[in-house]
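If you want the building blocks of each chain, they are given just below.
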Amino acid sequence: MSAPDITLAPPRLAYGLVTSRGKRPDNQDFAACCRDPSRRRGFVAAVADGLGGHKGGREAAETVVRAFLDGYFGAAPQLSPLAAASRSIEAANDWIAAIGRRDPQLAQMATTFTALLLSESEGRILHVGDSRAYRLSAGRLEQLTLDHVVDFGEPMLRLRRAIGFDARVRVDHVALDLTHGDRLLLCTDGLHGALPAKKIAALLAGAASPLQAAKDLRDAALAAGGADNVTAVVIDVRAP
């Protein structure tokens, strides 16, 4: 099923991205924001949180984001955004799984992946794992993704879906109906695991710019005692 048209003309976007290793010795998160150089496929923002040890986690997170951007923007023009995105994720999943099988130092590496795709005619979230996407619209915070975890009781949560886990990856797709003034957040669990939804909403609403919002969220997550890496991407949808 195709995504519905966005209820606005081609939007003007502003965005900010921050990441921190926090209390950990290394940062296994990776994130990027990119506009299609050909202008066919619009804008993509993505976050990934790697698993599998120091080297493997970072390798998996960076690989999936870079491979997705290359595959999505380089896909044949006749492919729909959803088809291009699906092929790109499947290829990245195959590549990460293959690397993990070949290199003992990268064995069992995997990663979460959450991305926003925004073009002139449609918006969509693609999601695997427990990174998250939120939308603040008219003062109301909405979580757009579901965590793919098995809950064994706090604090024992275990991922049941990630890029690199299986030969075939199952990806959630969320169609978006956006409005001028919406503020979107993509983040890893180092942020949403440290801050309640009310705090996230207040910080998103209170910042003058998306970059300031991302910085405020990072700082609050670290101040709350979170021990994980923290990554936040904030995107504003503005009138053309």
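For clarity, every value in this text was computed on a predicted model and none was experimentally measured.

Q: Tell me what's going on with the overall build of the chain, and back it up with residues and numbers.
A: The helix and strand tally for the chain stands at five helices and 13 strands. Here the chain holds 240 residues, and the buried ones make up 52% of them. Within the chain, residue pairs in contact and separated by at least 24 positions form 70% of the contacts whose partners lie at least 6 positions apart. Put simply, the chain shows about 11,100 Å² of open surface, and 51% of that area lies on carbon and sulfur atoms.

Q: Help me get a handle on the pattern of salt bridges, residues and values and all.
A: Applying the stated criterion across every chain yields a total of nine salt bridges. Residue E62 pairs with R58 through a salt bridge whose shortest N-O separation is 3.4 Å. Of this pair, E62 and R58 are both found in helix α1 (residues 53-73), four residues apart, which corresponds to roughly one turn of the helix. Residue classification places E62 among the partly exposed residues on the basis of a relative accessible area of 23%. The network of salt bridges with common partners includes R58, E62 and R66.

Q: Provide a residue-level description of the nonpolar core, including the pertinent values.
A: Core analysis: the largest hydrophobic core is formed by 30 residues, its most contacted members being V65, F68 and F113. Of all the secondary-structure elements, those providing two or more residues to this core are β2 (29-35), β3 (43-51), α1, α2 (81-102), β5 (113-118) and β6 (123-128). When residues in this core are grouped by element, the largest group, eight residues, is from α1. Apart from residues lying up to four places away in sequence, V65 is in contact with F30, A32, A46, A48 and F113.

Q: Let's hear about the packing of aromatic side chains: which residues, and what values?
A: Within this structure, the stated rule accounts for four aromatic pairs. Lying over the aromatic face of Y72, R41 brings its terminal NZ or CZ to 5.5 Å of the ring centre.

Q: I'd love a proper account of the state of the cysteines, names of residues and values included.
A: Applying the stated criterion to the full structure yields zero disulfides. The thiol of C33 is not disulfide-bonded; the next cysteine sulfur, from C34, is found 8.9 Å away. Residue class for C34 comes out partly exposed when judged on its relative accessible area of 25%.

Q: Any chance you could break down the sheet that holds strand β1 (residues 12-20) for me, citing the residues and the numbers?
A: The strands making up a sheet are joined through hydrogen bonds of the backbone, oriented either antiparallel or parallel. As summarised here, the arrangement of the five strands in space is β1-β13-β12-β7-β8, forming an open sheet in which the pairing is antiparallel. A single partner strand is all that each edge strand has here, and the edge strands are β1 and β8 (140-143). Adjacent strand axes in the sheet meet at a mean angle of 15°, parallel and antiparallel pairs treated alike. Sheet strands touched by helix α5 (residues 210-223): β1, β12 (183-187) and β13 (230-238). Its angle to β1, the strand with the most contacts, is close to 25°.

Q: Please provide a residue-by-residue account of the packing of helix α4 (residues 197-206) against α5, values included.
A: Across the interface, α4 lies against α5 with an axial gap of 8 Å and an inter-helix angle of 145°. In the crossing of α4 with α5, the sense of the turn from one axis to the other is right-handed. Residues K199, I200, L203 and L204 of α4 form the contact with α5, whose own contacting residues are A213, D216, L217 and A220. Of the residues contributing to the contact of α4 with α5, the split by class is six nonpolar, no polar and two charged.

Q: I'd like a description of the environment of A224, backed by residues and values.
A: Structurally, A224 can be placed in the loop between α5 and β13. A C-alpha to C-alpha distance of 6.2 Å links A224 and A194, two positions 30 residues apart in sequence. In this structure A224 touches A194 and L195, once residues within four positions along its chain are discounted.

Q: An account of the pairing of β5 is needed here, citing residue identities and associated values.
A: Within β5, six of the six residues are buried, leaving the element largely enclosed by the surrounding structure. Here β5 shows a buried face lined by F113, A115 and L117 and a second buried face lined by T114, L116 and L118. Sheet analysis places β5 next to β6, joined by six bridges and oriented antiparallel. The partner of A115 across the bridge, within β6, is L126.

Q: Residue-level account of α4, with values.
A: Every buried residue of α4 is listed here: I200, A201, L203 and L204. Where the residues of α4 are buried, they touch β7 (132-137), β8, β12, α3 (189-192), α5 and β13.

Conventions we followed
- Residues numbered from 1 in each chain as written.
- Predicted model: local features only at pLDDT ≥ 70, side-chain atom pairs only at ≥ 80, totals over all residues.
- Heavy atoms only, no water.
- Helix = DSSP H or I, 4+ residues; strand = E, 2+ residues; numbered from the N terminus.
- Buried < 20%, exposed > 50% of the residue type's maximum accessible area, 1.4 Å probe, protein only.
- Contact = heavy atoms within 4.5 Å.
- Areas by Shrake-Rupley, 256 points an atom, 1.4 Å probe, with all protein chains shown as cover.
- Salt bridge = Lys/Arg side-chain N within 4 Å of Asp/Glu carboxyl O.
- Core = buried A, V, L, I, M, F, W, Y, C linked by side-chain atoms within 4.5 Å.
- Phe/Tyr/Trp six-rings, centres within 6.5 Å; stacked < 30°, edge-to-face > 60°.
- Lys NZ or Arg CZ within 6 Å of the ring centre and 35° of its normal.
- Disulfide = S-S within 2.5 Å.
- Pairing = 2+ DSSP bridges.
- Axes fitted to C-alpha atoms, helices over the stretch in contact; angles between N-to-C directions.
- Left-handed = near helix turned anticlockwise from the far one by under 90°.
- Nonpolar A, V, L, I, M, F, W, Y, C, P; charged D, E, K, R; others polar.

Everything listed is a geometric property; what it means functionally is a separate question.
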